[in-house]
Amino acid sequence: MKPLFMLELELDVVALYRFLHTQGLSGREDDTELGYGVHAWLSAAFGELAPKPWRLLMDNNRPPRILGYAPHDAGALQQRIVEFSDPSVLQACPEPQLMIASRAMPTWQKGRRLGFQTLVCPIGRKARSGIEKDLFLIHADSQGNDSELCRETIYCDWAKKRFNDYSVAVDSIRLAGFRLVKQMRQTQSSNGKRVLRRIVRPQALLEGRITIGDPNEFTRFLRRGVGRHRAFGYGMILLRPPS
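Per chain, residues are indexed from 1 in the order of the written sequence. The model is predicted, so local features are restricted to residues of pLDDT at least 70 and side-chain atom pairs to those at 80 or more, both for listing and for counting; the totals for chains, interfaces and linings are taken over all residues. As a rule here, side-chain values come from all non-hydrogen atoms in the structure, and water together with hydrogens is ignored.

(A) Focus on the environment of Ser 129. In this text, helices come from DSSP runs of H or I with a minimum length of four residues, and strands from runs of E with a minimum of two, each type numbered from the N-terminal end. Tracing the backbone through its elements, the reader meets Ser 129 in the loop between β6 (123–125) and β7 (132–134). Linking Ser 129 and Leu 42, residues 87 residues apart in sequence, is a C-alpha distance of 32 Å.

(B) Focus on the packing of helix α1 (residues 13–22) against helix α2 (residues 35–46). Packing of α1 against α2 brings their axes to within 10 Å, and their N-to-C directions diverge by 90 degrees. Comparing their axes, α2 and α1 come out roughly perpendicular. Contact with α1, carried on its side by Leu 16, Phe 19 and Leu 20, involves Gly 37, Val 38, Ala 40, Trp 41 and Ala 44 of α2 and no other residues of that element. Gly counts as polar in this scheme, as do all residues outside two lists: the nonpolar Ala, Val, Leu, Ile, Met, Phe, Trp, Tyr, Cys and Pro, and the charged Asp, Glu, Lys and Arg. Within the contact of α1 with α2, the residues separate by chemical class into 7 nonpolar, 1 polar and no charged. A fitted line through C-alpha atoms serves as each axis, taken over the contacting stretch for helices, and the angle formed by two N-to-C directions is quoted from 0 to 180°. By definition in this entry, angles of less than 35 degrees are roughly parallel, angles greater than 145 are roughly antiparallel, angles of 65 to 115 are roughly perpendicular, and the rest are oblique. Any two residues having at least one pair of non-hydrogen atoms within 4.5 Å are treated as being in contact.

(C) How the structure looks around the nonpolar core. Ranked by internal contacts, the top residues of the largest apolar core, which has 36 residues, are Phe 163, Ile 210, Phe 218 and Leu 222. When residues of this core are traced back to their parent elements, those giving at least two are β3 (65–70), β5 (113–120), α6 (135–143), α7 (151–164), β8 (168–188), β9 (194–212), α8 (215–224) and β10 (237–240). It is α7 that provides the largest number of residues to this core, a total of 6 residues. Residues contacting Leu 222, with those up to four places away along its chain left out, are Leu 4, Pro 53, Tyr 69, Met 105, Trp 108, Ile 237 and Leu 239. To define a nonpolar core, start from buried Ala, Val, Leu, Ile, Met, Phe, Trp, Tyr and Cys residues and group those joined through side-chain atoms within 4.5 Å. Exposed residues in this analysis have more than 50% of their type's maximum accessible area, buried residues have under 20%, and partly exposed residues fall in between, with area computed by a 1.4 Å probe over protein chains only. Counting residues in each nonpolar core, the second largest holds 32 residues, with Tyr 36, Ala 40, Ala 70 and Met 184 among its members.

(D) Main features of the packing of aromatic side chains. Centres within 6.5 Å are what make two rings of Phe, Tyr or Trp a pair, Trp counting through its six-membered ring; a difference in plane orientation under 30 degrees is then read as stacked, over 60 as edge-to-face, and the rest as tilted. Under the definition given, this model contains 7 aromatic pairs. Taking the centre distance of 4.9 Å and the plane angle of 80 degrees together, the rings of Phe 163 and Phe 221 count as edge-to-face. Of this pair, Phe 163 sits in helix α7 while Phe 221 sits in helix α8; the two residues are 58 residues apart in sequence, bridging distant segments of the chain. Phe 221 carries the same exposure label as Phe 163, and that label is buried. With a centroid separation of 4.8 Å and an interplanar angle of 15 degrees, the aromatic rings of Tyr 166 and Phe 221 are classed as stacked. Here the residue Tyr 166 occupies a position in the loop between α7 and β8, and Phe 221 occupies one in helix α8, the gap between them amounting to 55 residues. The class for Tyr 166 is buried, based on a relative accessible area of 14%. Judged by its relative accessible area of 1%, Phe 221 is buried. Members of the aromatic cluster, each reached through a chain of ring pairs, are Phe 116, Phe 163, Tyr 166 and Phe 221.

(E) Expanded view of the sheet that holds β3. Spatially, β2-β3-β1-β4 is the arrangement adopted by the 4 strands of the open sheet, whose pairing is antiparallel. Of all strands in the sheet, those with a lone pairing partner are β2 (54–57) and β4 (100–104), marking the two edges. Adjacent strand axes in the sheet meet at a mean angle of 15 degrees when their direction is disregarded. When strand β1 (residues 5–10) meets β3, the two strands line up antiparallel, connected through 6 bridges. Paired with Leu 7 across the strands is Gly 68, a residue of β3. Lying on the sheet, α2 is in contact with β1, β2, β3 and β4; it crosses β2 at an angle near 115 degrees. Strands qualify as paired when DSSP identifies two bridges or more between them.

(F) Local environment of the packing of α2 against helix α3 (residues 74–84). In contact at an axis separation of 8 Å, α2 and α3 are set at 85 degrees when each is read in the N-to-C sense. Relative to α3, α2 is oriented roughly perpendicular. Contacts between α2 and α3 involve Trp 41, Ala 45 and Phe 46 from the former and Leu 77, Arg 80 and Ile 81 from the latter.

(G) Structural view of unusual backbone geometry. Along the chain, Lys 52 connects to Pro 53 via a cis peptide bond; the corresponding omega equals 0 degrees. For Pro 53, the position within the fold is in the loop between α2 and β2. Positive phi, normally seen in glycine, also occurs at Ser 167, with a value near 60 degrees. Mapped onto the elements of the fold, Ser 167 is located in the loop between α7 and β8. Residue class for Ser 167 comes out partly exposed when judged on its relative accessible area of 35%. The phi angle at His 229 is positive, at roughly 60 degrees, despite the residue not being glycine. Along the chain, His 229 falls in the loop between α8 and β10.

Written out as structure tokens, the structure is:
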């Protein structure tokens, strides 16, 4: 199995917004979401080397940063952005040797207990139409009444199944945060051209404790991530000591 690295990239957020403006992408998403915009920057900066899944972290205590998983270390990204990126792309990460770091992920043992947190977009496709929709609303449509449904239960059960598919037992899980966000996606128009459109999607922060059943499967799960839209900042599993 290929090695797995956690990557950390610090960003100059002013330069990032300048890049997004040149691409016609600024002002189209929630400032705290920026999934499509960061996806566009990562693609321009690193191409096929861009980390996936990843998560954008923005708070008042430190510069904005991206955490992500990839099968290569920081050196590969540093070389790629310096040698091949446009100046406006490089300005968002002007000192790659200092602003891009990595560490190899450890070899996990069967039975190891860990804490986790993951930001997900809990959506599914409706059976007949194939349209993406909030999992909570899909359940409400199927039952005809959402008064007795629990959003937390629906999201947590959905996440448990994803963990179980990779031999990871979920010991506890809770919905630590929820909101609806404006996102931007490319869709196929009637004339065959791809167009940008705004959509509203659920965003859920899940956290809890897990036990590893198969270490190799767990690494595969970290590499893949949870749910849909992993290229846009969702599904990365952040690990922590169990508490």
